[in-house]
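Remarks on the overall topology
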Amino acid sequence: MNTPSNLLIKLSRRLFENLNEQERFVEALTNPQPFHPCILWGTEKPEIPPFQVEAPSPWQPNFIDRLSLGQKPGQHPLHEKGNFYCLDFSSVFAASTLLTISDHIDLVLDMCAAPGGKSIFAWKNFHPDLLISNEVIGKRLGMLISNFKRCHIKPSIIVNRDSSILAEIMASSSHLAIVDAPCTGQSLLAKGEKAPGCFHPTAINKSANRQKRIIANSAKIVAPQGYLAYMTCTYSPEENEQVSEWFLERFTQFQAVEINHLKEYQSHLTTIPCYRMFPQDRLGAGAFTVLFKNTDEGEVKEVNMNLLSGVWTNILEK
């Protein structure tokens, strides 16, 4: 067992008033235990499940299976064939806000897409006319392209540009923008991975400022009456609730949407309807999620595909 840092202990006290909950949170990060593997079926599920499956959560979509401990879905032949995608259950929790959207979604933009889990979730749930997945970090493009090809995600376009450029090219065009924001990655510790400096105030503030810039640019892309889904895999309020509050103060046309199936996960750190999963609850390593709706009226603008192609694309045809 690792000794908790002072910064981790301070964070636990900010997140929880209850001493027992503080201790459970710290324990989950310093003595990580395995979580149930999880898969997203891109194709129809086999009639006879190839894995041992846990009882689903009430809000869990039917194309998701949470598997028993010890299962290794990544080694199954159906994985190589692209029948399913492996992901953390926390990602399912974060993306589950999308399940409340009943409108037809023609165009989805995933602003920070690699390795592709949120994009594939949206593609499976909405069957959009086009999915545009952006990844600004060049070295992460390979895994995104590989996952899309393996899982046959089409029609889709993968782009590699800063959010400010896409805000100009795609203004008021997307029915749904997903921002799975780059963060300090504190939940990696709950998986037994390393995240050096993830609790340091300098790293947290730098990350929060970057998140504000990305979500502000993403807001410009959302069409009237469209949606913006913001989520992270970290715990610091500066990167979660405080970004959400900052966003609503500056983009007053947006409102946070109440997610009925996540009410029991409502963050106690704000009055905004946003939701948290913590690692001590043993469902997943942790996540924060909030869904905003653009209340503006007006016409949806079309994307100039010539300009988009000029950015950089890898198009997977229908």
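Residues numbered from 1 in each chain as written. Predicted model: local features only at pLDDT ≥ 70, side-chain atom pairs only at ≥ 80, totals over all residues. Heavy atoms only, no water.

A few points about the UniProt feature "active site" (unreviewed entry) in the chain
The positions that UniProt labels "active site" (unreviewed entry) are, in the present scheme, Cys233. As for its position among the elements, Cys233 is in the loop between strand S8 (222–232) and helix H9 (241–250). When its relative accessible area of 31% is taken as the criterion, Cys233 is described as partly exposed. Residues contacting Cys233, with those up to four places away along its chain left out, are Cys183, Gly185, Gln186, Ser187, Gly286 and Ala287. (UniProt positions renumbered as here; feature names shortened; annotations may be inferred. Helix = DSSP H or I, 4+ residues; strand = E, 2+ residues; numbered from the N terminus. Buried < 20%, exposed > 50% of the residue type's maximum accessible area, 1.4 Å probe, protein only. Contact = heavy atoms within 4.5 Å.)

Describing the nonpolar core
Counting residues in each nonpolar core, the largest one holds 44 residues, and the members touching the most others are Leu98 and Leu176. Each residue touching Leu176, except ones within four places of it in the same chain, is listed here: Leu98, Ile101, Ile105, Leu107, Val108, Leu109, Phe126, Tyr227 and Ala229. Membership of the second largest hydrophobic core comes to 36 residues, among which are Val243, Trp246, Phe247 and Val290. (Core = buried A, V, L, I, M, F, W, Y, C linked by side-chain atoms within 4.5 Å.)

Brief notes about the UniProt feature "binding site: S-adenosyl-L-methionine" (unreviewed entry) in the chain
The residues that UniProt annotates with the feature "binding site: S-adenosyl-L-methionine" (unreviewed entry) are Cys112, Ala113, Ala114, Pro115, Gly116, Gly117, Lys118, Glu135, Asp162 and Asp180. Considering the arrangement of structural elements, one finds Gly116 in the loop between strand S4 (107–110) and helix H5 (117–126). Filtering out sequence-adjacent residues up to four positions away, Gly116 remains in contact with Tyr85, Leu144 and Phe148. Relative to the helices and strands, Glu135 resides in the loop between strand S5 (130–134) and helix H6 (141–151). Contacts of Glu135, omitting those with residues within four sequence positions, involve Met111, Cys112, Ala113, Ala114, Arg140, Leu141, Leu144, Val159, Asn160 and Arg161. A distance of 3.1 Å separates a polar atom in the side chain of Glu135 from the backbone nitrogen of Ile137. (Polar contact = N/O pair within 3.5 Å; in protein donor to acceptor, adjacent residues only side chain to side chain.)

Details of the packing of aromatic side chains
The tally for this structure, following the rule as stated, stands at 16 aromatic pairs. A centroid spacing of 5.6 Å and a plane angle of 55° characterise the contact between Phe16 and Phe25, whose relative ring orientation is tilted. For Phe25, a relative accessible area of 0% translates into the label buried. Each residue in the set Phe16, Phe25, Tyr235 and Phe278 is aromatic and connected to the rest through ring pairs, giving one cluster. Against the face of Phe89 rests Arg66, its NZ or CZ located 5.4 Å from the ring centre. (Phe/Tyr/Trp six-rings, centres within 6.5 Å; stacked < 30°, edge-to-face > 60°. Lys NZ or Arg CZ within 6 Å of the ring centre and 35° of its normal.)

As for the layout of surface pockets
Take a probe with the size of a water molecule and roll it over the atoms, and the empty space left behind shows itself. By volume, the second largest pocket is sized at about 220 Å³. For the lining of the second largest pocket, a count of residues per class yields six nonpolar, five polar and one charged. (1 Å grid on protein atoms, 1.4 Å probe; cavity = no way out; pocket = protein on both sides within 12 Å on 5 of 7 lines; lining within 4 Å. Points joined across faces, edges and corners; volume = space filled by probe spheres on them. Nonpolar A, V, L, I, M, F, W, Y, C, P; charged D, E, K, R; others polar.)

Here we look at the pattern of salt bridges
Between side chains of opposite charge, pairing is possible as soon as their charged atoms come close. Summed over all chains, the structure comprises nine salt bridges. Two residues, Glu135 and Arg140, come together in a salt bridge whose shortest N-O distance is 3.7 Å. Overall, Glu135 belongs to the buried group, its relative accessible area being 4%. For Arg140, a relative accessible area of 26% translates into the label partly exposed. In this structure, the salt-bridge partner of Arg276 is Glu241, at a minimum N-O distance of 2.7 Å. (Salt bridge = Lys/Arg side-chain N within 4 Å of Asp/Glu carboxyl O.)

What about the state of the cysteines?
Overall, the coordinates contain zero disulfides when judged by the stated rule. Cys86 forms no disulfide, and the closest cysteine sulfur to it belongs to Cys151, at a distance of 8.8 Å. Overall, Cys86 belongs to the partly exposed group, its relative accessible area being 28%. (Disulfide = S-S within 2.5 Å.)

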